[in-house]
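Inside the fold
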Amino acid sequence: MKGILGRKLGMTQVFTIDGALIPVTVVEVKPNVVLQKKTKETDGYEAVQVGYEDVKEHRANKPAKGHAAKADTAPKKFIREFRYDEMLNLEVGAEIKADLFKAGDIVDVQGTSKGHGYNGTIVRNNGHQGPRSHGGSKNIRHQGSLATNGRNNGVINKGTAMPGHYGCETTTNQNLTVIKVDAEEGYILVKGNVPGPRKGLVTIHTTVKPVKETAPVELISYKGVSVEEELEKVDETINAELAGK
């Protein structure tokens, strides 16, 4: 397994050569730098510590500067650890780029979900409204009875569905397919949506599901070719498939 840090930029769509539309999320992946290698002898476990996104020197404290200096790099804004076998051979100071993954890889993407502020129990917990019939109950959007008296002396159990802060939780979307990787431009296209707001930090790592990769799809390329020519190729492909049927 392997992993890398990036920032979610937003969603767009791409087209395959047979005309299929694929919704994708664009993840900006600047080079990740290995800051430290942890071993069983010194730390009790094996891991690779990775830093992402430089911080200005005057905004970093002395410990952060000294830690980054060992890897001959600038202090980093985000630091995460990966306990993956495929990354343990990386040395301190090595750069990890977007080409760590390739088109067709199946990944899990972890991020912090969007914050929605204070919400009621219906929005926050997907609850049901009360009866709206004429002359019926006025408890339409309230949380209802907590049913605690006589059971546990009026103590509210932890996890009870109540109003409160909604969102800003660590969320993982599993089984997503990498559609395209561009290490030069520094981005990865992931099929579907990923957690978090725009410019939010996300972690892309190999999926925990059994299937780790699939056949990559061929996308339409508009470099040096007019859109009309590409559309003609799509029409030819579709007509050939229809003729085969």
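Refer to the structure above for everything that follows.
Residues numbered from 1 in each chain as written. Predicted model: local features only at pLDDT ≥ 70, side-chain atom pairs only at ≥ 80, totals over all residues. Heavy atoms only, no water.

**Remarks on the overall build of the protein**
- In terms of helices and strands, the protein carries three helices and 12 strands.
- For 245 residues, the compact-globule estimate of 2.2 N^0.38 gives 18 Å, and the C-alpha radius of gyration of the protein, at 25 Å, exceeds that figure by more than 25%.
- C-alpha extents for the protein along the principal axes are approximately 70 × 65 × 40 Å.
- Classification of the 245 residues of the protein by burial places 33% in the buried group. (Helix = DSSP H or I, 4+ residues; strand = E, 2+ residues; numbered from the N terminus. Rg over C-alpha atoms; globule rule 2.2 N^0.38 Å. Buried < 20%, exposed > 50% of the residue type's maximum accessible area, 1.4 Å probe, protein only.)

**A short note on a negative patch on the surface**
- There is a patch of like negative charges on the surface, built from Glu41, Glu46, Asp85 and Glu86.
- As for its position among the elements, Glu46 is in the loop between strand S3 (32–38) and strand S4 (47–54). (Patch = residues over 30% accessible without salt bridge, like charges linked within 9 Å, V, L, I, M, F, W, Y side chains within 5 Å. Areas by Shrake-Rupley, 256 points an atom, 1.4 Å probe, with all protein chains shown as cover. Salt bridge = Lys/Arg side-chain N within 4 Å of Asp/Glu carboxyl O. Lys, Arg positive; Asp, Glu negative; His and termini not counted. Charge placed at Lys NZ, Arg CZ, Asp CG, Glu CD.)

**Considerations on a nonpolar patch on the surface**
- On the surface, Phe15, Leu21 and Tyr222 cluster together into a nonpolar patch covering about 280 Å² of accessible area.
- Within the secondary structure, Leu21 sits in strand S2 (residues 21–28).
- On the basis of relative accessible area, Leu21 is assigned to the partly exposed category, the value being 44%.

**As for the sheet that holds strand S1 (residues 3–15)**
- Strands sit in the order S1-S2-S11-S10-S7-S12 around a closed barrel of six strands; the barrel is antiparallel. Each neighbouring strand pair of the sheet contributes to a mean axis angle of 50 degrees, computed without reference to strand direction.
- Relative to strand S10 (residues 170–182), strand S7 (residues 106–112) runs antiparallel, the two sharing six bridges. Across the sheet, residue Gln110 finds its bridge partner in S10, namely Thr172. (Pairing = 2+ DSSP bridges. Axes fitted to C-alpha atoms, helices over the stretch in contact; angles between N-to-C directions.)

**With respect to the sheet that holds S4**
- In space, the four strands of this open sheet follow the order S5-S4-S3-S6, with antiparallel pairing throughout. The open sheet is flanked by strand S5 (76–82) and strand S6 (95–96), the only strands paired with a single partner.
- Across five bridges, the pairing between S3 and S4 is antiparallel. Looking at the pairing, Gln36 lines up with Gln49 of S4.

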